Amino acid sequence: MAIAATAALGLSALAGTAYANNHSPASPATTSALSRSPHSASGTPSALPASSVKEQSSAPGSAEKFWTPERVKRALATPVGPEGRGTTPVSRPVKQSNLPDVALSAHAVPPKRSSAPAPGEARISGPQGRELTRSLRAPEPKKWPWAATGVLFFETGNGRYGQCTASVITHSNKSSLWTAAHCLYDWGKKRWYKNFAFAPGFAKTAPYGYWDVKRVIVPSVYLSKGDLRYSDMGGIVLQPRKGRSIQNTVGAYGYEFRSNSPENDNVASLGFPADGYHRPNSFYSGGAYMRYCYGNTVDASNGNPLDQRLEMDCEMGHGSSGGPMVKNLTHDARIVGVNSHRNGDSHGRWVDNHLYSSEHGAYAVSVYKSL
């Protein structure tokens, strides 16, 4: 699919300390803005691409103190993206050298019921299987599985704030989130965002509080190229809150990360948009509520083997960046992509109802193994 210009839905990109790709991160390197090739458990070089990590210096409880109602209000008023032409590029389809074919998956993990203020499983409004290309408000955002998605707040620099969407992803550390790389790093200005906080189940207020971030991770190639076609995904590790993990508190989605697999059925795209394609901004309540589309993801390039992005029909815009494309939401929900970018003209105006995710293959597996 030819793209004249592409507008990002949230922020942009990366530069920080690098870890080896395994589930128990090695000691961080002493230099920043560098990465090294991942290694297998046996110490031999693996074929996975490198990921880069930025440690956060926040003390436990600092997010709750920093994110005052006034700062939350300002962040919701300035959701990330879309960027101007050339700021968050989508490259031409090219062969990604030395990337292995991968397949990594896990089941969803519901929350510990004792921690949920409103126990019971949530539902999707309307008949299952019906395509929903104009988003609806999530019916029960404080319940599993909706509550595993929330608002990602951050400071963009110089006292300015922004907002994306992130979701809890199952991991042995029980403290991991999945989002878009452009929600963690400003590729245009070559700097990380800071003062992150995650508010799961957000609905104008934060029913589960604001969670401190320990580290953020993106593909190393995103630092150098900021490319949305191949590498716009990122991971986050949270600190426990009041002695509890985020996974035990609100549950965690599973995942299916596979090379060359853009087509998925029964997918919900979740996010906190403040605007959308061909809809008035007043419709979105300033990004204060979770919304969702529902349908299938298709091959964005109509069979081009060099472009395995996921395409979904959904109008959600600024603020929905980083939100999960998750299949089978109400039974064994699994992340297959994240809201990344839309087609736009030279002025950054959206031109159709298509919403895209980078392929979640080798780059996604690399980020996940660095959590």
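As shown above, the structure is provided for reference.
Keep in mind that what you see is a predicted model, and the values were worked out from it rather than measured.

So, the pattern of salt bridges
Opposite charge on two side chains permits pairing when their charged atoms draw close. For the structure on display, the rule yields nine salt bridges. A salt bridge links E256 to R258; its shortest N-O distance comes to 3.8 Å. You can call E256 buried: its relative accessible area is 17%. The closest approach of N and O atoms between E315 and R279, which form a salt bridge, is 3.1 Å. Here R279 lies in the loop between strand 15 (264-271) and strand 16 (291-299) and E315 lies in the loop between strand 17 (310-313) and strand 18 (324-327), a separation of 36 residues in the sequence. You can call R279 buried: its relative accessible area is 19%. Here the salt bridges do not stand alone but share partners, grouping E256, R258, K327, D332 and R334 into one network.

As for the pairing of strand 6 (residues 149-157)
Burial analysis of strand 6 places nine of its nine residues in the buried class, the great majority of the element. Two elements, strand 6 and strand 7 (residues 160-168), share eight bridges in a ladder whose sense is antiparallel. In the strand pairing of strand 7, F154 is matched with G162. Between strand 6 and strand 7, which pair antiparallel and follow one another directly, the connecting turn spans two residues, one of which, N158, has a positive phi of 55 degrees.

Let's talk about the packing of aromatic side chains
Per the stated rule, a full pass over the model turns up 17 aromatic pairs. Between the aromatic rings of W146 and Y292, the centroid separation amounts to 5.0 Å while the plane-to-plane angle is 55 degrees, which identifies the pairing as tilted. Highlighted residues: W146 in the loop between strand 5 (132-137) and strand 6 and Y292 in strand 16, separated in sequence by 146 residues. Each member of the pair, W146 together with Y292, is buried. Ring centres of F153 and Y210 lie 6.0 Å apart, and the angle between their planes is 50 degrees; this geometry places the pair in the tilted category. Taken together, the residues F153 in strand 6 and Y210 in the loop between strand 11 (194-200) and strand 12 (211-219) connect sequence positions 57 residues apart. Relative accessible area serves as the criterion here: at 12%, Y210 is assigned to the buried category. One aromatic cluster in this structure is built from F66, W67, F153, Y161, F202, Y210 and F272. One residue, R71, lies across the ring of F66, its end atom 3.9 Å from the ring centre. Lying over the aromatic face of W187, K190 brings its terminal NZ or CZ to 3.9 Å of the ring centre.

A few points about the pairing of strand 15
Here strand 15 lies mainly inside the structure; six of its eight residues are buried. Relative to strand 16, strand 15 is paired through six bridges, and the arrangement is antiparallel. Paired with N264 across the two strands is T297, which belongs to strand 16. As paired strands, strand 15 and strand 18 are joined by three bridges and run antiparallel to one another. Counterpart to V267 in the pairing with strand 18 is K327.

Quick notes on the rules
Residues numbered from 1 in each chain as written. Predicted model: local features only at pLDDT ≥ 70, side-chain atom pairs only at ≥ 80, totals over all residues. Heavy atoms only, no water. Salt bridge = Lys/Arg side-chain N within 4 Å of Asp/Glu carboxyl O. Buried < 20%, exposed > 50% of the residue type's maximum accessible area, 1.4 Å probe, protein only. Helix = DSSP H or I, 4+ residues; strand = E, 2+ residues; numbered from the N terminus. Pairing = 2+ DSSP bridges. Phe/Tyr/Trp six-rings, centres within 6.5 Å; stacked < 30°, edge-to-face > 60°. Lys NZ or Arg CZ within 6 Å of the ring centre and 35° of its normal.

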